[in-house]
Structures are given as structure tokens and as C-alpha cells.
Amino acid sequence: MIPIRHETSSYTNRDLQLFFRTWIPREQSPKYTVLLLHGWGDHSGRYMHVGQALARAGAMVIAPDLAGHGRSPGPRGLIRKWHHLVQDMDALLTHVGVTEPCAAFGHSMGGLLALTLADALPKRIKSLVLSSPLVVSDQAVILQKLAGILGTLFPTLPTISLDLRELSSDLRVAAKAESDPLYFHGKMPASTGKVFVSAMQAVRPENAVFDLPIFGFHGSADKLTSPEGSQFIFASARNPASEFSLLPGLRHETLNEDGAMTRLQSVVTWLEAQMA
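Residues numbered from 1 in each chain as written. Predicted model: local features only at pLDDT ≥ 70, side-chain atom pairs only at ≥ 80, totals over all residues. Heavy atoms only, no water.

S.K.: Whenever I open this one, the overall build of the protein chain confuses me. Can you help?
M.R.: Looking only at helices and strands, the protein chain has 8 helices and 8 strands in total. Relative to the 2.2 N^0.38 estimate, which gives 19 Å for 276 residues, the radius of gyration of the protein chain is 17 Å and therefore close to what a compact globule would have. Across its three principal axes, the protein chain shows a C-alpha extent of roughly 50 × 40 × 40 Å. When burial is assessed residue by residue, the protein chain has 55% of its 276 residues classed as buried. (Helix = DSSP H or I, 4+ residues; strand = E, 2+ residues; numbered from the N terminus. Rg over C-alpha atoms; globule rule 2.2 N^0.38 Å. Buried < 20%, exposed > 50% of the residue type's maximum accessible area, 1.4 Å probe, protein only.)

S.K.: Is there a simple way to think about the packing of helix 1 (residues 48-56) against helix 8 (residues 260-274) in this case?
M.R.: Two numbers describe a pair of packed helices, the interaxial angle and the distance between the axes. Running from N to C, helix 1 and helix 8 cross one another at 40°; their axes reach a closest spacing of 10 Å. Classified by the angle between their axes, helix 1 and helix 8 sit oblique to one another. The handedness of the crossing between helix 1 and helix 8 comes out as right-handed. Across the interface between the two elements, His 49, Val 50, Ala 53 and Leu 54 of helix 1 pack against Met 261, Leu 264, Val 267, Val 268 and Leu 271 of helix 8. Across the contact of helix 1 with helix 8, the residue classes tally to 8 nonpolar, 1 polar and no charged. (Axes fitted to C-alpha atoms, helices over the stretch in contact; angles between N-to-C directions. Parallel < 35°, antiparallel > 145°, perpendicular 65-115°, else oblique. Left-handed = near helix turned anticlockwise from the far one by under 90°. Contact = heavy atoms within 4.5 Å. Nonpolar A, V, L, I, M, F, W, Y, C, P; charged D, E, K, R; others polar.)

Next comes the structure, spelled out in C-alpha cells:
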């Protein structure tokens, strides 16, 4: 097993001092870089096992706390402009000194952001790993239809909250998230909902991202992001190296379910082939 180093730091973009953490092999040059993107209300500290597994396989892993999340500043859970997150990720990769295309590994909202990054910053992204990506949601369908109006007129209006029991069939995961002071427990601001709906609608089969290799997995019992979104992605994927698994009975955080380490090993094996 490769010894690794875990560090935390910050960088500045849009006049915000944004937090990030890295995992990197101690005694060898990284084989490739992974940009690890968390979900809404979430933070990078909940992905320690993911960062460690990837780094022990030889990757440098960069995991930001997105603005308004975790240890980064900004109103909690509020996203006013989706392209701000794109700009932040571009600035982060520049700050760390990443010059070669990397893999974007995104969970939930982070999966949607990874899809956006691949189209917006094509020289930055070589492959994608998508864990329960937010592309289709069955949450508050009526509010989704009103998102444009509400998000424009009342951007900070609290709308829906997430049922943390839906994170994993292991209810200890929900209990830890509930007691985690860095996890956002409030309701989603209307502006965030508006941004999500717009970003989801922008994921179209003709997008260049679908020329990239994509590895994805989604729990069939996920009630927070619909598995239909992943099925759409892989119906649109044009790269023969793309792979998708629908995981029977698993909920939203499949990397916090039984078999998570086996799943991570599959990610590592696939990434080593794509990032060589």
C-alpha cells in the first residue's frame, strides 16, 4: 500500500478564501489527478475514505469545499450562479499547479458540476466518475417548475430540505450527517433550485462531454437523485470505455453502503486504464 499525505489549505477566487484538501502519494509522483466534488449541503471531509483509496492507488486527489459549503465562506447552501463554481474549480486547479487534464469525480450535485466542467473547461477534464449524479430529480416537481420565478424574485427563500435517512440504508450515515456541524441542515434556497434546474436542462445528448469516458453508478432506491439521470447519461455516452452500474436496493450515497470499498476499487481500476 502506498503511503499518502493528507493536507488542507485554501485559495482565493471571487474575493473568497475557499477551502480544499488534498491526498497525495508520499514517496512517488502521482500517476494522475482527481478533482473530487461533493454534493449539495455536503463537504469534502465526508469523502476521506474516497480520497485515501484513490491516493493509495497513486493519484493526487483535490477535494474542495464549494462556496457556501463546509469550511468555505458564503451563505449556507446558496448558489447564485452556476458558472461561479466553474470559475472556482478552474482557479483551484491553477492554484494547485495542475497542468495535465484530470479526472472529475462528482457525487450528486458534484456529478452535475463534473458534467458542466467537462464542457466548459474541455482542456481540464479527461474522464469522469459520476456517483448518483443530479441530472433528474423527483424532489418537489412543482417547485422545479416554479424555480425560475422563485429563484429570481426570492433567491434566499427556503424551499425544500433533504431527508437524511435517504442517504444510505445504513442509518448511522444519517446520524453522523445530522450531528456534523459542517453539513448544511437547512432548506435549499430558491436560487440554488433555479441554478440546479437550469444546469440539469443544459445536459443534452449532443454535448461534447459524452465523447469522454464516463464511469458511473447509482442506487436503484435513490430518492434524492433519480437513477433515470444516470440512465440518460449512459444512453448518451459515445465513448466505448464508458461503464454504468445500477446498484439494486442502494440509496443515494452508494459509497456509504455495503460494498463501498469494492466499488472504489472498481473506480481505481477503471481510472488507471483511462488516465494512463
